[in-house]
Amino acid sequence: MFENLSDKLQNTLSKLRGKGKLTEKDIDVAMKEVKMSLLEADVNYKVVKLFINNVKERALGAKVMESLTPGQQVVKIVHEELIKIMGQGESSLKINSNGITCFMMCGLQGAGKTTAAGKLAKKLKKDGKSPLLVACDIYRPAAIKQLQVVGESVDVPVFEMGDKTPPVKIVKEAIKHAMKNGNDIVLIDTAGRLHIDDQLMDELVQIKQAVNPDEILLLLDAMTGQDAIKVAETFNQYLDITGVILTKVDGDARGGAVLSIRNVVDRPIKFLSVGEKMDQLETFHPNRMASRILGMGDVLSIIEKAQDAFDEKQAIELQKKLKAQDFNLEDFLAQLQQMKNMGPLDELLEMIPGIGGNKKLKGLKVDEKEFVYIEAIIQSMTKKERLNPSIIKGSRRKRIAAGSGTSVQKVNQLLKQYDEMRKMIKKFSSMGTGKKKGLGGMGSFRMPF
Amino acid sequence: MDKDKKGFFSKLKEGLSKTKKNLTDQIGNIVFKHKKINDEFLEELEEILITSDMGVETTMNIIDYIKDEAKKRKLEDTAEIKDVIKEYLVNMLQENDNEEDYKDKQRVILVVGVNGVGKTTSIGKIAYRLKQSGNSVIVAAADTFRAAAVEQLKDWCEKADVDIVASEQGSDPGAVVFDAIQSAKARKADVLICDTAGRLHNKKNLMNELSKIFKILDKEFSEAKIDVYLVIDATTGQNGIIQAKLFSETCGINGLILTKLDGTAKGGIAFPIVNVLKIPIKYVGVGEKIDDLQDFNPVDFVNAIFE
């Protein structure tokens, strides 16, 4: 739906190719596109105006680097400015070395507070802390139960006093409970509330006064529109928040609200919540967020995902094999399984720049069933066949097809793809490119369909 | 201490009433400021519309329309503009609202949307309304994924005094819907409302699951009139359009529920959704109480934006 900003600029500024400097006129043309792009990403109108003015000043008379087109140069400047604004401030959490540390989560209804509280608890636990979750949402039906289920799934205790006790009392008791039970971090999950609900906002202020939290974190949905600025402003006025957790980042919203918030309340973004599994809490990288807001894809996240999923030892072994041009179907299978560990393929594809905005590729559906077939076929081979696929002739093919519940055609297809891969690897390794880490495997891997 | 506190809060409220300032004031201001329709006026108008989340495209359409109309009707006075904009927006919303008659049929409402938009709460309110107007209602708790979603829905159903078909967390949502259909048939319920887990529209697997649920309804309950309502949070920005588009592709949305309109968000995203995808808005959510759900009325909605 949204065209990539750099593509757009490329078109608008294509005539300028070869010019050495950006003139005021060039920049005006470019800034119009930048403005639209930021507005489409939900950056607040006022913030966009301010931002554009700043960038304009910087861009005026900037030299176009030799390797870049004027369009790319503008994108580079915009990108750098975005990183500068979003990257300020301490993104780690303030944790007391002695005594109890207290974090408080707040935000609108449905921002993802409870889920994020669970994720944070899990992370803290992993870091060797002993967190305690505190259920202060006494309003929404079954909210306490939800936190209990979440707490159980991350194996962190949940303190609650039912839905009849005022939250201020609950948090005071929770601190006592934590002291008694040796919990060093208290994580308060508050009820979702509208920022204009004075009564409920007062309640938060009272909670704050009662326990004096070390961090007050505002949870913000990445899909939020222009109103984000008011929400953040108001929560900050009441509570003087210490940071922001951006949630639902695994959606495809470009998350321009983050930029607005940075501009208005000047508090750091501490974490990104990126899925429904309890370990999906990521540190914030301003450069990636900048690319995302500009609709430029998120290559780095893919690389990180790949690094997580690929077993380094296996990768090194594979690399050796590649060098020796000794890549067999066993390796192929192992590689396939590692690919699967990275998560659904179409999610990965979405993150690749050019695909997110490319209309033709957007509809591309990756049939994960193909993987299942391929796995079944390879698993229906004998070890000997896997190590030396050239011996697989007619009758063996029939047997493998029957064994894997596929057809001879499918087996043929796979063997042909394997052959192609081998050829490619041959070329690749003769070029002498020894890539680093798990990505060595990736570089040579071509989708078998 | 108490005195201090009061000072703090009253100050705060003062500040807040500023942010609460709505479109009418703002438009009033620029109308007053400019008197005549000129570029400066139009630029400020553009800002107001964009900050309501209407999006660049819809905003530009409105601005173009105003320019044209101003010429056609020979309008020069900015004060007349307000009515022109209202008229345009109401038209946009009305165009697509063609309510079918299905009085004799059993009815299914499948409620879908991304996480945290207020699906379960909206279902509680819809169930209550339908029950109050004399319908027998069954609710299917097909959000078997989120922690305590079933409990939350049970709580609402108790308040609304309607029956619920539920299974435990982690069970197959398709199976829950299937069971609910059987029980709606057996008990000759007027309306079956199906809750679903929140899902981001770009997650293929979860969207496939939703498509399966829809197919079960379509196949097993073909005699019923099936409505699929997408819940959109009024604070949602431009991503709302993609949401509506992808949910539509998966299960043919034919109505919108716009929630959380009691905040400062204007819900302007509804305009491009209605405009581009031709899906009418059915209900608006305006609070957390069980009767805080209103039928959508284009004139009221547009007036509220300009109030």
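Residues numbered from 1 in each chain as written. Chains lettered and ligands numbered in written order. Predicted model: local features only at pLDDT ≥ 70, side-chain atom pairs only at ≥ 80, totals over all residues.

### Concerning the interface of chain A and chain B
No. 1: If you look at the interface, chain A gives 41 residues, while chain B gives 41 residues.
No. 2: Looking at the side of chain A that touches chain B, the elements with two or more residues in it are α2 (24–40), α6 (143–154), α9 (228–239) and α15 (345–351) of chain A.
No. 3: Broken down by element, the residue count for the side of chain A that touches chain B peaks at five residues, all from α9 of chain A.
No. 4: Class assignment of the residues belonging to the side of chain A that touches chain B gives a composition of 17 nonpolar, eleven polar and 13 charged. (Contact = placed C-beta atoms within 7 Å. Helix = DSSP H or I, 4+ residues; strand = E, 2+ residues; numbered from the N terminus. Nonpolar A, V, L, I, M, F, W, Y, C, P; charged D, E, K, R; others polar.)

### Some points on the pairing of strand β5 (residues 215–221) of chain A
Residues and elements named next belong to chain A.
No. 1: Most of β5 sits inside the fold, with six of its seven residues counted as buried.
No. 2: Of the strand pairs in this sheet, strand β1 (residues 101–107) and β5 are connected by five bridges, and their pairing is parallel. Looking at β5, one finds that G107 is bridged to L219.
No. 3: Relative to strand β6 (residues 243–247), β5 runs parallel, the two sharing five bridges. Its bridge partner being in β6, L218 is matched across the sheet by V244. (Buried ≥ 20, exposed ≤ 12 C-beta atoms within 10 Å, placed from the backbone. Pairing = 2+ DSSP bridges.)

### Examining the confidence of the model for chain B
Residue and element names in this part refer to chain B.
No. 1: Of the residues in chain B, 85% reach a pLDDT of 70 or more, and the chain-wide mean stands at 86.
No. 2: Scored below 50 in pLDDT, residues 1–21 makes twelve contacts in the model with residues more than four places away or belonging to other chains.
No. 3: Complex prediction metrics read pTM 0.77 and ipTM 0.83. (pLDDT = per-residue confidence, 0-100.)

### What to know about the confidence of the model for chain A
Residue and element names in this part refer to chain A.
No. 1: When pLDDT is averaged across chain A, the result is 82; 77% of the residues are at 70 or more.
No. 2: The weakest mean pLDDT in chain A belongs to helix α21 (residues 439–444) at 36; the strongest belongs to strand β2 (residues 131–135) at 98.
No. 3: Note on residues 353–364: pLDDT is under 50 here. Beyond four places in sequence and across chains, it has 17 contacts.
No. 4: Confidence drops under pLDDT 50 across residues 432–449; counting only partners more than four residues distant or on other chains, this segment forms 32 contacts.

### A short note on the sheet that holds strand β4 (residues 191–196) of chain B
All names here are of chain B.
No. 1: Spatial ordering of the open sheet is given by β3-β2-β4-β1-β5-β6-β7-β8, a layout of eight strands whose pairing is mixed. The strands lining the two open edges of the sheet, one partner per strand, are β3 (163–165) and β8 (293–295). Here the strands of the sheet are splayed against their neighbours by 25° on average, with no regard to which way each runs.
No. 2: Across three bridges, the pairing between strand β6 (residues 255–259) and strand β7 (residues 281–285) is parallel. (Axes fitted to C-alpha atoms, helices over the stretch in contact; angles between N-to-C directions.)

### Comments concerning unusual backbone geometry
Peptide bonds are mostly trans, and most non-glycine residues show a negative phi.
Residues and elements named next belong to chain A.
No. 1: Even without glycine at this site, D240 takes up a positive phi of about 50°.
No. 2: Along the chain, D240 falls in the loop between α9 and β6.
No. 3: For D240, a count of 12 C-beta atoms within 10 Å puts it in the exposed group.

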